Amino acid sequence: MEQLDWKKLGFGYRDADYNIRCHYRDGKWGDLEVSTSNTINLHMSATALHYGQEAFEGLKAFRGKDGTIRIFRMEENAKRMQLSCDGILMAKIPVEKFTEAVYKAVKMNERFIPPYESGASLYIRPLLIGTGPEIGVKPANEYLFMVFVMPVGPYFPEGFKPTNLVIMRKYDRAAPQGTGKFKVGGNYAASMGAGKLAKEQGFSAVLYLDSKEKKYLDECGPANFFGIKNNTYITPLSESILPSITNKSLMVLAEELGMKVECRKVPYEELIEFDEVGACGTAAVISPIKGIYDADNDKWFKYGNQSDAGECSVKLYNKLRAIQYGEEPDNFGWMTVVE
Ligand SMILES: *Cc1c(COP(=O)(O)O)cnc(C)c1O
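Here, residues in each chain are numbered from 1, in the same order as that chain's written sequence. Reporting in this predicted model follows two pLDDT cut-offs: at least 70 for local features of residues, and 80 or more for side-chain atom pairs to be given and counted; totals over whole chains, interfaces and linings ignore these cut-offs and use all residues. No hydrogens and no water enter the side-chain calculation; it runs on all heavy atoms of the structure.

(A) Inspection of the domain arrangement of the chain at higher detail. Domain delimitation in this document rests on an assignment produced automatically or drawn from a domain database. Taken domain by domain, the chain consists of domain 1 (6-152) and domain 2 (163-324). Between domain 1 and domain 2, the C-alpha centre-to-centre distance is 26 Å. Contacts are residue-level and defined by heavy atoms, with any inter-residue pair within 4.5 Å sufficient. If you look at the interface, domain 1 gives 19 residues, while domain 2 gives 17 residues. A simple way to read buried area is as the amount of 1.4 Å-probe accessible surface that goes missing from two parts once joined, with both sides added. Roughly 1,700 Å² is buried in total at the junction of domain 1 and domain 2, and carbon and sulfur atoms are behind 62% of that figure. For domain 1, the biggest contributors to the area lost against domain 2 are F56, F72 and R80; these three give 35% of the whole. Salt bridge, as used here: a side-chain nitrogen of Lys or Arg that lies within 4 Å of a carboxyl oxygen of Asp or Glu. At the junction of domain 1 and domain 2, the tally comes to 1 salt bridge. With a shortest N-O distance of 2.7 Å, E76 and K248 are connected by a salt bridge. Polar contacts, as counted here, are pairs of nitrogen or oxygen atoms within 3.5 Å of one another; within protein the pair requires one atom able to donate a hydrogen and one able to accept it, and residues that are adjacent in sequence qualify only if both atoms are side-chain atoms. One can count 8 residue pairs in polar contact (both at pLDDT 80 or more) joining domain 1 with domain 2. In DSSP terms, a helix is any run of H or I states spanning at least four residues, a strand is any run of E spanning at least two, and both are numbered starting from the N terminus. The element best represented in the side of domain 1 that touches domain 2 is helix 2 (residues 74-87), accounting for 6 residues. By the convention adopted, Pro, Cys, Tyr, Trp, Phe, Met, Ile, Leu, Val and Ala count as nonpolar, Lys, Arg, Asp and Glu as charged, and the other residues, Gly among them, as polar. Grouping the constituent residues of the side of domain 1 that touches domain 2 by class yields 8 nonpolar, 4 polar and 7 charged.

(B) Focus on the pattern of salt bridges. Under the counting rule described, the total for this entry stands at 21 salt bridges. Here D294 ties to R169 by a salt bridge, and the two come within 2.8 Å at their closest N and O atoms. Here the residue D294 occupies a position in strand 16 (residues 285-294), and R169 occupies one in the loop between strand 9 (163-167) and helix 4 (185-200), the gap between them amounting to 125 residues. Relative accessibility under 20% of the residue-type maximum defines a buried residue, over 50% an exposed one, and the middle range a partly exposed one, all with a 1.4 Å probe and only protein chains included. Taking relative accessible area as the criterion, D294 reaches 0% and is therefore assigned buried. The structure contains a network of salt bridges with shared partners spanning K229, E262, R264, E270 and E273.

(C) Up close: the environment of E76. Checked against the element boundaries, E76 lands in helix 2. A relative accessible area of 16% means that E76 is categorised as buried. Linking E76 and L59, residues 17 residues apart in sequence, is a C-alpha distance of 9.8 Å.

(D) Examining the site of the ligand more closely. Around the ligand sit 15 residues, and of these K183, Y188, S244, T246 and T282 come closest. At a separation of 2.7 Å, a nitrogen atom of the ligand approaches a polar side-chain atom of E219. In this structure, S244 approaches the ligand through a side-chain N or O atom, which is 2.6 Å from an oxygen atom. Surface burial for the ligand is 96%, taken as the share of its 380 Å² of free accessible area covered by protein chains. More than half of the atoms belonging to the ligand lie within 2 Å of the grid points that define the largest pocket. Looking at the shell around the ligand residue by residue, the classes come out as 5 nonpolar, 6 polar and 4 charged. Any residue with at least one heavy atom within 4 Å of a molecule or strand is counted as near it. Note that accessible areas follow from Shrake-Rupley with a 1.4 Å probe, and for residues the cover is restricted to the protein chains shown. Using a 1 Å grid laid over the protein atoms alone, points where a 1.4 Å probe fits but cannot get out form a cavity; open sets with protein on both sides within 12 Å along at least 5 of 7 lines form a pocket; any residue with an atom within 4 Å of a point counts as lining. Placement in a cavity or pocket follows one criterion, namely that more than half of the molecule's atoms lie within 2 Å of its grid points.

Written out as structure tokens, the structure is:
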């Protein structure tokens, strides 16, 4: 058995021992299957390959100080995957089947869950694809749901490091009434061009404006956006953003910490008013942002002291992390202990 260097994990694909699969055939989901193979045998005319019938999820399991393994809010991911399935007409995986598969994938790959001290965690990737062959544009008759896992390193191995975002009005991630609110691969394909351009110029991600009017803040490529001012946590309300479970959790914790919470349209002009801004998602919880560059108007918005995350962001981050690692009581029933 190879010994993993937990400190040097990063975020890359890595094989674990097992993955879990479940087939939808003849109008119903089958039993969960355990596989040791990292490949699938797929019909070349599967709808996933041609017409983008693909949805995925991302969540994490953590090992606490006492060794206890906990999975964060997996029912929420299950429900969100159902929304994605409805959104692109795929067979819906039942919530219980989803959570059972996630639990099983974590349990069976227990040896890949990094020790508490490493700050690393186990990333869980459920996905659902249309496998039935079609060449006309219509939903498949057959689907495959899978869950695989891999250990990933801490997102900020050297501590919280704020980065810069860029606004480029030439690019959209999703249409106003399109698939932006579903976690489907197509949105990611659509945002890769702008994302690459942003990275080449030293930005960590694109901050998208609403695609219709370019007046309001939407979200980042793979993460939701929030700003903080006057002790208020403010996050955009939009038809085209993906409802982040991390964001949802941070809103709850912000209230716990005595902050006000607003989920509403956030006009571009408000960027100048924030004391702190950040991007949030499963990978990093919070990625603090020190600057936003409006490339179309050659204009910078700067936040904080340029080297550290803001006070509220740090508090929110620490609070959520403490719950995930079992250091603070789980008052909201967010964690599933793996026995
Ligand atoms: C997955 C995702 C997020 C973050 O969601 P979490 O549930 O917090 O991980 C944000 N935006 C997009 C576009 C995403 O796909």
